[in-house]
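A look at the structure
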Amino acid sequence: MIKTKGRILFLLMICFLLIGTSAVHAKGQNTKSKKEEATTIGNVTDISADGNTYIFSAGKTKVRVVFYEHDMFRIQMAPDGKFTDPTKGKIVLKDDLPSIKTQWDDAGDYYKISSKHVVLRVYKHPMRFALYKDDNKTLIWKETKGLTWTDDKTVQTLSRGGKEQFFGGGMQNGRFSHRGEKINISTSYNWNNGGHPNPSPFYMSTKGYGVFRNTFASGTYSFNDPVKASENEKRFDAYYFYGPSLKDILDGYTELTGRPFMPPIYGLELGDSDCYNEDGETTTDALKIADGYKKHDFPAGWMLVNDGYGCGYENLEKAGKELRDRHIQLGLWTEDGLKNGKWEVQKAGVRVRKLDVAWVGPGYEFAFDAAKSAFDNIEANSNSRGFVWMVEGWAGTQRHAVMWTGDQTGSWDNIRFTIPTIAGSGLSGMAYTASDVDGIFGGSPETYVRDLQWKTLTPVLMTMSGWAPKDKQPWVYGEPYTSINRKYLDLHERLLPYIYSYADIAHETGVPPVRSLVLEYPNDPNTWDDTTKYEFMLGESFLVAPVYKDSKERNGIYLPKGTWVDYWNGKVYKGPRLINNYSAPLDKLPLFVKAGAIVPMRAPNTNDYDRAQQRPLTLDLYPQGNSDFSLYMDDGVTREYKEGASAKQHIKMSAPKKGRGNVKITVGALKGKFAGKPEHRGYELTLHTGKKPANVAMGKGEKLKQYKSRDAFDKADNGWFYDKHDRGGIVHVKTTPMSVDKPFTITLHGTSSIGGKEADPAALTRLQAPDKLTPAKPAEVKATFLNGSDADMKNVDLSLDLPDGWSVQPKTDTNFKKVKNGQKVTAVFTVTAPDETKEGIYSIIARADFKQRGREYSASEIDDTYVINPYKIPQSQMTASATSEQTGSDPASHAIDGDPNTMWHTDWSGSDHLPQSITVDLGGTYNINEIKYLPRQSGTNGIITKYKLYVSTDGKNFREVSSGTWDNDKKEKGATFNAIDASYIKLEAIEGVNGFASAAEINVFKTKK
């Protein structure tokens, strides 16, 4: 049901909020009308040492270096010699670490501070820092310029390695890696691609280090050469971590700023939100939706019953009790704080909070404190764990909240850019991040299914109804969509023992459950860049490659080195390789399991946690080599785990690395105690193997009974059954319930490692093509082939598949008689698009055909290039200004940034009445005769429906060249006029939707000769 009252109030409130917070933020940053001269730190004039604390002077400026661990230290700089900490110790949770021993020496040009793992050089003339490994030869990072400051900004400038990649910055929408990019560490109300709704002043590098700036000030990190990291304050305060692995860096960072919270088990189930207290409804009407989940056989863990501005609630105690009777926890959206917080938790049973921008919109310290207070409110008034969702999080917020992307529109593009958003956030220690399933606006049956699919392979997910033409419960669109959604939510529910165990790992180490591939494969450069931008790992075992286009196929799935199994059909792949044309009808999410995986799962059809603990545990096993897994369990709800009330069960598997042999599974005792721990438990094992075992034994020789049919096996208490038709071959093994305090083993004699068809050899073809091509202008394209298998490949032939009419000429040899294992070969081509090629995106395919062991194979990569219109003036050289703009979120510059998902918008308050104009400096003088205007692509406010267009050569004297009306839709519109020289164009909005003006993109075209 679509409600309106609270939604309209929301739009009004958000306008005033954004205006207000923008003004507050500006006051806090001390902006100046004239550019201030920056000061760079001078020569070292003095040094003093006290244990692991060193103070260096450069005139009145002082720098303090403190080593807390052998791989963690802090550098503070005070231009006036007085060290301060405006964070008041809120972010850094633990710096009272055990004392370590360091040494310092005068090395001539620099002072040398040595720990067991690193050497910090402090150069004297001028003062600059450089970090080396303990050999004092291997560089980790170095300043190319001393620390620099003005009254409102401090900058550190570092050299950049030749292939060095950077990660972090918190939630950066649409991005997970940042080399060559600039990211903003500031409050953002842009929930779409390019926004940064939960920033963090932290980053880490493939050179093996991480940096956390201890501040609540906004900043900008530019990862060009040199790297420049700035914060808007006149002080410098940074903690440095040496890994060298990225996981080690996250461990150090979250040890300092706080581990991710341990979620309650219901927090890992689907959440539902809407306002049930307006337009004739009351809060208890939420129970109808709760009953809908049961009726349609969907799991759900919690519900927000008042999600909407001005919604409020009534009969909350009744609603809470009735929801808990349905195994669903009560949650509240919080508009303006916790004025009734104690009663809501103690009496009504509230166990979930969601904080929206009306409360936390100012961001920084304000939002940080709000998240903590909401989290503490639950824990102070109950024995439950805090569970909070918020936007505008910061460094340290990982210990209190799920950080969510804000209000988005369901679309294919939203799915696309959200994948790296969620995976990339984990690279800042944000273990739990999410966006609403299919957004809160828009959406469709197909985008809902595709978005839900991949989000069920993440720990936390939520739907939010009341804003779109259709509500967002998973049954709303009917069949076949309902059944597909149920399939994936059931999979998520069954995977909770696996996910919960990784929640424990996150709580102990800071390493998130959802992982960019670089965390698991840091030495594979293909995981550093866009090759793996649209896929991720869930834990160490699952590789997820979501479908983000309206397509039944998925291209560009990268599998790192190793053996991988298609979860749905058991087909085996050898990596490294790229998979193209993967068949992915609407009900199929591309999902792969790493060989050696041990995946604990709930028994089928078990949606209640207490009951799941008592039912048999499924172990889904993919035998290859030696592997292990630690299953974590506790009561799932209370904070007793902090006092040691938990248990772990170690599971080991040994199998042949390839081919035939025995497979042995050792299930250890469930060590530990907690309320609800089962005394006895049965086990069901599914082992993916290509060969039926001769027999299956338990312990030292007790042979289990073999059953000839699945039906007979299902009826039996124990035994085994081999199904050769199930996903390449699966051995099903069942035990009777047994004491969880005793270990046991199961051995499959005469079987093999993972089954399925013989895998194609590991072969990786890469394509290197220009991002942009000009018609009729030749461009160089490279195709590279890597033999990743264990045998030679013969007659390797590299070629390109191009769009019709394009020409290609090889510049080097393209055929290679033999490519040895581990060898890489490259062919170079010249490609030309015809002169008449229209502007747009075109696909190029690099293909390698080869033979191995007498069989023929091929491997390919598909990449897109953009053919430009040579008459379009590059936006990169333009600048823009406007008579009115929404500062911060929708400035004039967004109209020329090349991103249709951002926009220029006039001031949201509506006080700047039309007409209003945007002026574009073309960056030169051109003879032009056309402009194109792309309206905003989300929402409708500000779509220009009546306009005037002016041009100028000096930016002062403008001449009108066109006027007219445009349709009120989101299609690109244009204006043509007589050819004229111009250095500036000015688009004046005479009329626009609801009295505003906006533009997603403005392009200007030279006159064709």
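Values in this document were obtained by computation on a predicted structure and should not be read as measured data.

Cut-off values and rules
- Residues numbered from 1 in each chain as written.
- Predicted model: local features only at pLDDT ≥ 70, side-chain atom pairs only at ≥ 80, totals over all residues.
- Heavy atoms only, no water.
- Helix = DSSP H or I, 4+ residues; strand = E, 2+ residues; numbered from the N terminus.
- Rg over C-alpha atoms; globule rule 2.2 N^0.38 Å.
- Contact = heavy atoms within 4.5 Å.
- Areas by Shrake-Rupley, 256 points an atom, 1.4 Å probe, with all protein chains shown as cover.
- Lys, Arg positive; Asp, Glu negative; His and termini not counted.
- Charge placed at Lys NZ, Arg CZ, Asp CG, Glu CD.
- Axes fitted to C-alpha atoms, helices over the stretch in contact; angles between N-to-C directions.
- Parallel < 35°, antiparallel > 145°, perpendicular 65-115°, else oblique.
- Nonpolar A, V, L, I, M, F, W, Y, C, P; charged D, E, K, R; others polar.
- Pairing = 2+ DSSP bridges.
- Salt bridge = Lys/Arg side-chain N within 4 Å of Asp/Glu carboxyl O.
- Buried < 20%, exposed > 50% of the residue type's maximum accessible area, 1.4 Å probe, protein only.
- Domains from an automatic or database assignment.
- UniProt positions renumbered as here; feature names shortened; annotations may be inferred.
- pLDDT = per-residue confidence, 0-100.

Some remarks on the overall build of the protein
When its secondary structure is counted, the protein shows 14 helices and 66 strands. A compact globule built from 1009 residues would reach a C-alpha radius of gyration of about 30 Å, and the protein, at 30 Å, matches this within 12%. Look at the contacts in the protein between residues 6 or more apart in sequence, and 69% of them connect residues 24 or more apart. In the form shown here, the protein has an accessible surface area of approximately 39,600 Å², with 47% of it arising from carbon and sulfur atoms. A gap of 5 Å separates the mean positions of the 130 positive and 124 negative side-chain charges of the protein.

Details of the packing of helix α10 (residues 481-494) against helix α11 (residues 496-509)
Relative to each other, α10 and α11 sit at 55°, their axes nearing to 5 Å. By the angle class used here, α10 and α11 are oblique. Where α10 approaches α11, its residues His492, Glu493 and Arg494 are matched on the opposing element by Leu496, Pro497 and Ile499. Of the residues contributing to the contact of α10 with α11, the split by class is three nonpolar, one polar and two charged.

Focus on the packing of helix α9 (residues 445-455) against α10
Here α9 crosses α10 at 10°, and the two axes come no closer than 9 Å. On the basis of the axis angle, α9 is roughly parallel to α10. Contact residues: Pro445, Glu446, Tyr448, Val449, Leu452 and Gln453 in α9; Tyr481, Ile484, Asn485, Tyr488 and Leu489 in α10. For the contact of α9 with α10, the residue count by class is eight nonpolar, two polar and one charged.

Details of the sheet that holds strand β20 (residues 302-304)
Read across the sheet, eight strands follow the order β26-β24-β23-β22-β21-β20-β19-β28 without closing on themselves; strand pairing throughout is parallel. Looking at the sheet topology across the chains shown, the edges are occupied by β26 (433-434) and β28 (462-464). In terms of strand pairing, strand β22 (residues 350-355) meets strand β23 (residues 388-390) through three bridges, oriented parallel. Counterpart to Lys354 in the pairing with β23 is Trp389.

Looking at the pattern of salt bridges
Pairing between side chains becomes possible if they bear opposite charge and their charged atoms approach one another. Considering all chains together, one arrives at 39 salt bridges under this definition. Note that Asp714 and Arg710 form a salt bridge whose closest N and O atoms lie 2.9 Å from each other. Remark: Arg710 and Asp714 occur in helix α14 (residues 710-715); sequence separation between them is four residues, near one turn of the helix. Across the pair Glu839 and Lys872 runs a salt bridge, and its minimum N-O distance is 2.5 Å. Taken together, the residues Glu839 in the loop between β56 (824-832) and β57 (840-852) and Lys872 in the loop between β58 (855-867) and β59 (879-882) connect sequence positions 33 residues apart. Here Glu839 falls in the partly exposed class, since its relative accessible area comes to 30%. Several salt bridges converge on common partners, so that one network encompasses Arg74, Glu233, Arg235 and Asp237.

What about unusual backbone geometry?
The linkage connecting His125 with the following residue, Pro126, adopts the cis geometry, with an omega of -10°. Relative to the assigned elements, Pro126 resides in the loop between β8 (118-123) and β9 (128-133). Following Asp225, the chain continues to Pro226 via a peptide bond in cis, the omega torsion being 5°. Topologically, Pro226 is positioned in the loop between β16 (219-222) and β17 (227-231). You will see that Asn136, though not glycine, has its phi angle at about 60°, which is positive. With respect to the element layout, Asn136 can be found in the loop between β9 and β10 (139-149). Located in the positive-phi region is Asn581, a residue other than glycine, with phi close to 55°. One can find Asn581 in the loop between β34 (572-579) and β35 (582-583).

Details of the domain arrangement of the protein
How big an interface is tends to be expressed through the accessible area that disappears when the partners come together. Assigned domains within the protein: domain 1 (39-257), domain 2 (265-510), domain 3 (525-594), domain 4 (597-749), domain 5 (763-867) and domain 6 (872-1006). Averaged C-alpha coordinates put domain 4 and domain 5 at centres separated by 46 Å.

Some points on the pairing of strand β63 (residues 959-965)
Every regular strand shows the same layout, with side chains that alternate between the two sheet faces. Here six bridges tie strand β62 (residues 944-952) to β63, and the two strands are oriented antiparallel to one another. When the bridges of β63 are listed, Lys948 appears paired with Ser963.

Focus: the UniProt feature "domain: F5/8 type C" (unreviewed entry) in the protein
According to UniProt, the "domain: F5/8 type C" (unreviewed entry) feature falls on residues 859-1007. For residues 859-1007, the end-to-end C-alpha separation is 44 Å, with 0% helix and 52% strand making up the annotated structure.

Description of the confidence of the model for the protein
Summing up the model confidence of the protein, the mean pLDDT is 93 and the portion of residues at 70 or higher is 96%. Residue range residues 4-34 is modelled with pLDDT below 50. Its contacts to residues more than four positions away, or to other chains, number 47 contacts.

Some thoughts on the environment of Val547
When you line up the elements, Val547 lands in the loop between β31 (542-544) and β32 (553-554). C-alpha of Val547 to C-alpha of Thr282: the two residues are 265 residues apart in sequence and 39 Å apart in space. If we skip the residues at most four places from it in the chain, Val547 touches Trp412, Ile415, Arg450, Arg554, Ala584 and Pro590.

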